[in-house]
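Architecture at a glance
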Amino acid sequence: MLTALVAILSGAVLTRLLTQVDFGTYRQGLLAMSFAVPFVALGLDRVLFVFLPGEPERPRAVLVENLILLVAGGGLLTLFAAVGGDHLLARRFNNPGLASILAWFAPYALFFLPAMAVSGCLMACQRAQTLAAYNVISRVINFLLIVALVWFWRTPTAALLGVLMGTAINSFAGGWLMWRACPRSDWHPSAAGLRRQIAFAIPLGLASLVGSLSQSMDQMIVSLRCTTAQFAVYTVGAMEIPLIGVITGSITSVVLVDYARFFREGQLDEIVRLVQLAMSRSALILLPAMMLLWVLAPFLMRVLYGPAYAWAAVPFRIYLLLLPVRTLTFGAVIQATGSSRPILIQSLLSLGLSATAGWVLTGWLGPAGAAAASVSVTYLFVVPFLILVLRRRLNTPAGAIFPWAALARTLSAALLAAMASALVLAWGQLGNVGSLLLGVTVFVPIVGYALIKFGAMDRDLLRSLVGRFLPGPTAG
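Reference entry: report on the structure contained in this document. What you are looking at is a predicted structure, and each value in this text was computed from that prediction instead of being measured. Throughout this description, residue numbers start from 1 for each chain and increase along the sequence as written. At least 70 in pLDDT is required for a residue's local features to be given in this predicted model, at least 80 for side-chain atom pairs to be given and counted, and no such filter applies to totals for whole chains, interfaces and linings, which use all residues. Hydrogens and water are ignored here; the side-chain numbers use all heavy atoms of the structure.

Here we take up the overall build of the chain. Here a strand is any run of E in DSSP of at least two residues, a helix any run of H or I of at least four, and the numbering for each starts at the N terminus. Per the secondary structure count, the chain includes 20 helices and zero strands. In this treatment the radius of gyration is a C-alpha quantity, and the globule benchmark scales as 2.2 Å times the residue count to the 0.38 power. For 476 residues, the compact-globule estimate of 2.2 N^0.38 gives 23 Å, and the C-alpha radius of gyration of the chain, at 24 Å, lies within 12% of that figure. In terms of overall dimensions, the chain has C-alpha extents of about 65 × 60 × 60 Å along its principal axes. Each residue's exposure class comes from its accessible area (1.4 Å probe, protein chains only) as a fraction of the maximum for that residue type: buried when under 20%, exposed when over 50%, partly exposed otherwise. Across the 476 residues of the chain, 50% fall into the buried class. Contact definition: two residues touch when any of their heavy atoms are within 4.5 Å. Of the contacts made within the chain by residues no fewer than 6 positions apart, 80% connect residues no fewer than 24 positions apart. Neither His nor the chain ends contribute to the count of charged residues, in which Lys and Arg are positive and Asp and Glu negative. The atoms used to mark charge sites are NZ of Lys, CZ of Arg, CG of Asp and CD of Glu. Seen as two clouds, the 31 positive and the 15 negative side-chain charges of the chain have centres 7 Å apart.

In this structure, Tyr259, Phe316 and Leu328 are the most contacted members of the largest nonpolar core, which totals 146 residues. Of all the elements, helix α13 (residues 268-305) adds the most residues to this core, at 22 residues. Beyond its immediate sequence surroundings of up to four residues, Phe316 is in contact with Gly237, Met239, Ile241, Leu293, Ala297, Leu300 and Met301. Definition of nonpolar core: a set of buried residues of the types Ala, Val, Leu, Ile, Met, Phe, Trp, Tyr and Cys, connected through side-chain atoms within 4.5 Å.

Attention now goes to empty space enclosed by the protein. Cavities and pockets are defined on a 1 Å grid built over the protein atoms alone: a cavity is a set of grid points where a 1.4 Å probe fits but cannot escape, while a pocket is an open set with protein on both sides within 12 Å along at least five of seven lines, and lining residues are those with an atom within 4 Å of any such point. Grid points are joined across faces, edges and corners, and a volume is the space filled by probe spheres set on the points. Evaluated as defined, the whole model comprises two cavities of 30 Å³ or more. Estimated volume of the second largest cavity: approximately 50 Å³. Within the residue set of the lining of the second largest cavity, elements represented by two or more residues are α12 (242-264) and α13. The classification used treats Ala, Val, Leu, Ile, Met, Phe, Trp, Tyr, Cys and Pro as nonpolar, Asp, Glu, Lys and Arg as charged, and all other residues, Gly among them, as polar. Each residue belonging to the lining of the second largest cavity can be placed in one class, and the counts come to seven nonpolar, four polar and one charged.

What follows covers the state of the cysteines. The bond known as a disulfide is covalent and runs between the sulfur atoms of two cysteines. The disulfide criterion is simple: two cysteine sulfur atoms within 2.5 Å. Throughout the structure, instances matching the rule amount to zero disulfides. Cys182 supplies the cysteine sulfur nearest to Cys121, a cysteine that is in no disulfide, at a spacing of 3.9 Å.

Quick look at the environment of Pro315 now. Within the secondary structure layout, Pro315 lies in helix α14 (residues 313-320). Separated by 77 residues in the primary sequence, Pro315 and Ala238 place their C-alpha atoms 5.2 Å from one another. Setting aside chain neighbours within four positions, we find Pro315 in contact with Tyr234, Gly237, Ala238 and Ala371.

Okay, structure coming up:
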């Protein structure tokens, strides 16, 4: 969530300091890096989660071996840029100005890849609080450096230089924290240790590669098929709201253990019951959020990024249509039943379908086609495929997996509140900020009342949900 918030905040600042073309060039540089990293990281950043806890004798050597491999991966990207890869990508993106940005690949990769090990190392060494502090501070440092440099030099190169400086600082700080977190031991690496980590990381890397490519495929297609200015607008709108990860992550962490226990005990009906409960509870937040943000999308994009980015509301609204799917964490249920192979198969097939459909629809519809392709593939292929897997694993009819009545009541309440907000906003002329405030003011009490009236939620549950976000009174 923190990463998403920082990305939104930095985008809100940079869109006002840079031209659309310059901002698009900066985002293309970041996209190229995020697209390339999984090819050389190979899942090495996850190795320490497994290797460190089981290595009491030479933990620092395991850390050094991991860092050597990650630096070597960064060296491959450095070599790619040095032999002309920066100019190759700039031509593919139809943006000659991108070549000077991608020249920063060389030092950036050498700092960025080793920093990827921080999370795995600190978590494996039981330093969760240290990791949380590092994540907050590192992102704040990156944000401040980017904004400060762009404030004085209004160029995409200044923005990438800020990213590079922040990454270098965070990489050294992360290295120091990892070294201190590992118990004192022999730190000298071995060839056998390096081979062992590579052998373990490659399968992880393949799965991670598919996931990373899927997440960025739509932006890559828009970058290749549209102008840099169009890409700039698209990239700020084609995002997942931070709220989703918080809700789905919290629910998954709670129910995953119960899913696995019920499956071991053969209580498949209990898994279905828990799935329905998790869906109905998450829908109480995700479906109203979808409808509210759909109504407010044009005002929200103008407030965050300025009038020139108002069209970003189009891909933003398209991706909001995925929120109903996110009420069910398919991966958690399938993983708990003992196999993640169907998820890998689905990821590979959906990646190919999304790339093909995205390329075609972007040619027909422009940037919105890439978002439409992602959503269409999700509903037409991904969801039916995963439902089929769940039906077989849980030995239950596909329709019985979903709490249809609860979802219908929640969606009806959200639709009613959204219609009321849309009518009020169509009547009033309060500007962008005023419209946002008015829309929320109208929506929240109506949706709360409707959820109770329609039987989707009782007052006790409403108070518990509100209590998560608003502090209660304290005793005097």
